[in-house]
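Okay, here's what each chain looks like letter by letter:
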2 protein chains.
Amino acid sequence: MTTLQMIEAAAGRLQGHIRETPMLTSPFLDELAGRRVLVKPECLQHTGSFKFRGAWSAISALSDAERQRGVIAYSSGNHAQGVAHAAALHGISSVIVMPSDAPRLKIDNTRALGGEVVLYDRSNESREEIGEALATERGLTLIRPYDEPQVIAGQGTTGLEIARQAAAMGVEQADVLVCCGGGGLTSGIALALEGHAPGLRTRPCEPEGFDDVKRSLVTGQIQGNTATAGNICDAILTPQPGSITFPIMHRLCGPGLTITEKEAMHAMALAFLRLKIVLEPGGAASLASALFRKDEIEGDSVVVVASGGNADPEVFGKALKFLT
Amino acid sequence: MTTLQMIEAAAGRLQGHIRETPMLTSPFLDELAGRRVLVKPECLQHTGSFKFRGAWSAISALSDAERQRGVIAYSSGNHAQGVAHAAALHGISSVIVMPSDAPRLKIDNTRALGGEVVLYDRSNESREEIGEALATERGLTLIRPYDEPQVIAGQGTTGLEIARQAAAMGVEQADVLVCCGGGGLTSGIALALEGHAPGLRTRPCEPEGFDDVKRSLVTGQIQGNTATAGNICDAILTPQPGSITFPIMHRLCGPGLTITEKEAMHAMALAFLRLKIVLEPGGAASLASALFRKDEIEGDSVVVVASGGNADPEVFGKALKFLT
């Protein structure tokens, strides 16, 4: 189980290796959202998403002997790039198991960053089974994308920065909106804020039809999605909340929010126009929630964790049409 | 004349009001450029460009009585937004004289930020004459876009940050590439680096056909451009270097670099893909120089000041085609 102390220890290991992302604002977004909007652009993190934090945390927490044998990960893309890059910077090898329908850009980048990519069919193969078989065969350590205490600790360092930056901007009470797949980032931020900014309440944001975390929080039991693909927010499509992440989210998070694909694309366009940052659909679910679900949000300010920017150019071009 | 002391004083006035932009990197850009590339994304500054620094510096340096009468500025767009926003945050009025062919987005934003916009015809009217007439008539203080000591001091604060950030990243010898119009940012950075990082050499970057600063540095005398419009890098098209900025650049800057419109657009696409930031063509001239003029650059590292991100969506969409 991840603790606040593990998050603080991870922050020490990450120092000098991750980028402390700034906190962006725009008077135009404030007006649209009806409250002050503070955007944490994790798209500017190394490899274009927060995933590098968890990857570095997990790899740096291994023993020397484990680390030298190499690591393996399975991921729709952003965790893949984070693990491949963090492994290469540690001078070790990585195997990345990716769905064959992942965006081409993410597959190409993972290879270019030094990862050995193994593709699988998302509709009839289990990435967990493939990953564990390869791990056993080659002596690799599996770095799970979210249900892994040291990965959650790494993602939680985002929350330590939010606590410090929000306080410096005079914000002590606010909802913190987080794009949520398996819940690694959401649960890590929730733990960090519990310790360092108890007036900030973490809330998961998901695409309609893939709102497993929202429903699980309502029922208090883990709920799954019927579909596992077929939404533009590919970075945050997961079958169900993690067994480690869910109890943390259930104890600490406020109600979930859901947005449509069009709203995610519209939020991408507004992030382009008003913040000059590039978001991918799954990384814009939080901003979309701030802009288009404002009646479900409490307080004079809202914090938005814009979690990833690995957008395919064609998808981004479509998003820009929301401005014309 | 602007001095290092004025830049340091401006940094004090700007503290808490401007954003300290991070320093971004990408292994993909390093490979393309053949050296380590450190990108200072001033597109993430308030109003989407570095211009907010100079505007805040100049307005905050006025006497109370001057400030209360209001300010006026003339600008192709980014200085306009910077002055309008800085004036509004100071609680004073601003009049902005803009060319009628400026990108619509920049005109709209200037109005929305609280500026009173006065349009003029770039081909047969002088913005200087219009600006000075209005200033006299209404008692406004003219905030010139570059040939203004306190504006140069404000832009120079970018150089103080570069000196500190580059040193923290172990870079003490490098060319610093700056998108250059009238030379306010270039000369301010050059002064700051002379004092705080003498191993960093400032170099202006301009579009081909609008290389007045490059030619002026070669001859040692101010040279003008024959055309004043008709290039996609609208933010950095000026008739000639300023009479205050040029002597500073002549004393401190290395040779100028020029890039084509296509190279500026290609650099925008690569900034989208590798850094997840939005640049406008004139704000990408420096990155284009780093990527496409690498034989003209010295050293193992290069610093790129990516100065603005107020790109029209249609132009940005065209830039993305360089990725397909």
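Here the structure is a predicted model, which means the values were calculated and not measured.

Each value, and the rule that gives it
Residues numbered from 1 in each chain as written. Chains lettered and ligands numbered in written order. Predicted model: local features only at pLDDT ≥ 70, side-chain atom pairs only at ≥ 80, totals over all residues. Heavy atoms only, no water. Helix = DSSP H or I, 4+ residues; strand = E, 2+ residues; numbered from the N terminus. Rg over C-alpha atoms; globule rule 2.2 N^0.38 Å. Buried < 20%, exposed > 50% of the residue type's maximum accessible area, 1.4 Å probe, protein only. Polar contact = N/O pair within 3.5 Å; in protein donor to acceptor, adjacent residues only side chain to side chain. Contact = heavy atoms within 4.5 Å. Core = buried A, V, L, I, M, F, W, Y, C linked by side-chain atoms within 4.5 Å. UniProt positions renumbered as here; feature names shortened; annotations may be inferred. Least-squares fit on C-alpha atoms with pLDDT ≥ 70 in both. Salt bridge = Lys/Arg side-chain N within 4 Å of Asp/Glu carboxyl O. Pairing = 2+ DSSP bridges. Axes fitted to C-alpha atoms, helices over the stretch in contact; angles between N-to-C directions.

Caption draft 1: Spatial organisation of the overall build of chain A. In terms of helices and strands, chain A carries 14 helices and nine strands. For chain A, the C-alpha radius of gyration of 18 Å lies close to 20 Å, the compact-globule estimate for 324 residues. With respect to the principal axes defined by its C-alpha atoms, chain A has extents near 55 × 40 × 40 Å. Expressed as a percentage of the 324 residues in chain A, the buried residues total 65%.

Caption draft 2: Region of the structure containing the side chain of Arg293 of chain B. All names here are of chain B. With respect to the helices and strands, the residue Arg293 is situated in the loop between helix H13 (285-292) and strand S9 (301-306). We classify Arg293 as buried; its relative accessible area is 15%. Reaching out from Arg293, the side chain makes a polar contact with the side chain of Glu263 at a distance of 2.8 Å. Setting aside residues no more than four positions away along its own chain, Arg293 makes contact with Glu208, Leu257, Thr258, Ile259, Thr260, Glu263 and Ala288.

Caption draft 3: Quick peek at the nonpolar core. Membership of the largest hydrophobic core comes to 84 residues, with the highest contact counts inside it found for Phe316 of chain A together with Phe316 of chain B. In this structure, Phe316 of chain B is in contact with Phe272, Phe316 and Leu320 of chain A together with Met268, Phe272, Val278, Leu279 and Ala311 of chain B, ignoring residues within four places of it in sequence.

Caption draft 4: Structural detail: the UniProt feature "domain: Tryptophan synthase beta chain-like PALP" (unreviewed entry) in chain A. Those residues carrying the UniProt feature "domain: Tryptophan synthase beta chain-like PALP" (unreviewed entry) are residues 15-308 of chain A in this numbering. Between the C-alpha atoms that bound residues 15-308 of chain A there is a distance of 20 Å. The span itself is 44% helix and 16% strand.

Caption draft 5: Here's a closer look at the relation of the copies chain B and chain A. At an RMSD of 0.0 Å, chain B and chain A line up after a rotation of 180 degrees and a shift of 0.0 Å along the axis. This pairing of chains is accounted for by a two-fold axis. Relative to the rotation axis, the closest C-alpha in chain B is found at Ile277 of chain B, a distance of 2.3 Å. Of the interface residues in chain B, 97% have counterparts in chain A that sit at the interface too, so the contact is made through matching surfaces.

Caption draft 6: Structural detail: the pattern of salt bridges. Taken as a whole and judged by the stated rule, the model has 38 salt bridges over all chains. For Glu148 of chain B, the salt bridge is made with Arg144 of chain B, and the minimal N-O distance between the two is 3.4 Å. The exposure class assigned to Glu148 of chain B is buried, which follows from its relative accessible area of 17%. The exposure class of Arg144 of chain B is partly exposed, given its relative accessible area of 30%. For Arg251 of chain B, the salt bridge identified is with Glu194 of chain B, shortest N-O distance 2.8 Å. Of this pair, Arg251 of chain B sits in helix H11 (residues 245-252) while Glu194 of chain B sits in helix H9 (residues 184-196), and the two are 57 residues apart along the sequence. Salt bridges here are not isolated pairs; linked through shared partners, they connect Lys40, Glu42, Arg53 and Glu161 of chain A.

Caption draft 7: Representation of the sheet that holds strand S1 (residues 36-41) of chain B within the structure. All names here are of chain B. Reading across from one edge, S1-S9-S6-S7-S8 is the order of the five strands in this open sheet, with parallel pairing throughout. Each of the sheet's edge strands pairs with one partner strand only, and the pair in question is S1 and strand S8 (257-259). Neighbour-to-neighbour, the strand axes of the sheet open up by a mean angle of 25 degrees, direction not taken into account. Two elements, strand S6 (residues 174-179) and S9, share four bridges in a ladder whose sense is parallel. The partner of Val178 across the bridge, within S9, is Val305.

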